[in-house]
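Tertiary structure, described
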Amino acid sequence: MNKIISINEAVSKVKDEMTLMIGGFMSVGTANNMVDQLVEAGVKNLTIICNDTAFADKGLGKLIANKQVKKVITSHIGTNPATIEQMNNGDIEVEFSPQGTLAERVRSGGAGLGGVLTPTGLGTIIAEGKEVVIVDGKEYLLEKPLRADIALIGASISDKQGNLIYKGTTQNFNPLMATAADLVIAEAEKMVEVGEISPEQVRTPSIFVDYIVNNN
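Since the model is a prediction, treat every value here as computed from it, not as a measurement. (Residues numbered from 1 in each chain as written. Predicted model: local features only at pLDDT ≥ 70, side-chain atom pairs only at ≥ 80, totals over all residues. Heavy atoms only, no water.)

Turning next to the pattern of salt bridges. What the rule picks out here adds up to 10 salt bridges. Put simply, Arg107 and Glu104 hold a salt bridge, and the shortest N to O gap is 2.9 Å. Of this pair, Arg107 and Glu104 both sit in helix H5 (residues 99-111), three residues apart, which is roughly one turn of that helix. You can call Arg107 partly exposed: its relative accessible area is 34%. Measuring nitrogen to oxygen at the nearest pair gives 3.3 Å for the salt bridge that ties Asp182 to Arg147. On the criterion of sequence distance, the pair formed by Asp182 in strand S11 (residues 181-192) and Arg147 in the loop between strand S8 (138-143) and strand S9 (148-159) is long-range, its members being 35 residues apart. (Salt bridge = Lys/Arg side-chain N within 4 Å of Asp/Glu carboxyl O. Helix = DSSP H or I, 4+ residues; strand = E, 2+ residues; numbered from the N terminus. Buried < 20%, exposed > 50% of the residue type's maximum accessible area, 1.4 Å probe, protein only.)

Okay, here's the thing in structure tokens:
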């Protein structure tokens, strides 16, 4: 199966109202070329699950600045004034999830689990409306799993089967998100032949990747 597609083919798979997972941290490790094409395509009413909303002029923050997002589930928005303004104006819904909790919710979604129990957020607004579970006399919040229609993954290196390597902090959220979506599209900075990546280097096995966009 040939998984390599053009960036236009990749973007055409994203439709209005979809939920997207977009990996990376402050646009580092984000599939930025695909994000730019999504801005051009004008897809709207998206729900985005991400670590942060990057910047108004960089990374996935462009989608928010362009008012293509109706909801974001994230750990912080402080670097993107567009997100803050739209949240304060009621133009976008923001669900805050502590970073570690967010990662575990995505992992739970990928692993087919019913959620994660965590003490983080007890006694704060994070706990509002959530179930409290007592284990051995201790209270925990039940944080439900997260999944998406499509995950956009930013990889440093991919082979032609979709085995992925992430360099440094580019792996932020990407490996988890690659397990937790119905369709996974990876944008690779470099493409190599099958066999050029040592098995022990692979962070996301090809079985999780449906399509690859080659930026070579």
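The next subject is the pairing of strand S7 (residues 132-135). Sheet analysis places S7 next to S8, joined by four bridges and oriented antiparallel. Bridge pairing in S8 places Val133 opposite Tyr140. Following S7, the chain reverses through two residues before pairing antiparallel with S8; Asp136 in that reversal takes a positive phi of roughly 50°. (Pairing = 2+ DSSP bridges.)

Time to look at the sheet that holds strand S6 (residues 116-118). The strands making up a sheet associate through hydrogen bonds between their backbones, and the pairing can be parallel or antiparallel. The strand order across the open sheet formed by three strands is S6-S8-S7, and the pairing between neighbours is antiparallel. The outermost strands of the open sheet, each flanked by one partner alone, are S6 and S7. For this sheet, the mean angle separating the axes of adjacent strands, direction not counted, is 45°. Sheet analysis places S6 next to S8, joined by three bridges and oriented antiparallel. Bridge pairing in S8 places Leu117 opposite Leu142. (Axes fitted to C-alpha atoms, helices over the stretch in contact; angles between N-to-C directions.)

Below, the discussion takes up helix H4 (residues 81-89). Regarding H4, the residues found buried are Ala82, Thr83 and Gln86. Around the axis of H4, the buried residues are gathered within 100° of arc, so they sit on the same side. Exposed residues on H4 whose side chains face more than 90 degrees from its buried face are Pro81, Glu85 and Asn88. Turning to H4, the residues buried within the fold contact helix H3 (61-65) and strand S5 (93-96). The opening residue of H4 is Asn80, an N-cap whose side-chain oxygen sits 2.9 Å from the backbone nitrogen of Ala82. Count one or two residues on from H4 and you reach Gly90, which has phi positive near 80°. (Arc of directions from axis to C-beta. Contact = heavy atoms within 4.5 Å. Polar contact = N/O pair within 3.5 Å; in protein donor to acceptor, adjacent residues only side chain to side chain.)

What follows concerns H5. In this model H5 runs 18 Å from its N-terminal to its C-terminal C-alpha over 13 residues, within 8% of the 18 Å that 1.5 Å per residue would give. Three or more residues of H5 are buried, namely Thr101, Leu102, Ala103, Arg105, Val106, Ser108 and Gly109. (Expected span 1.5 Å × (residues − 1).)

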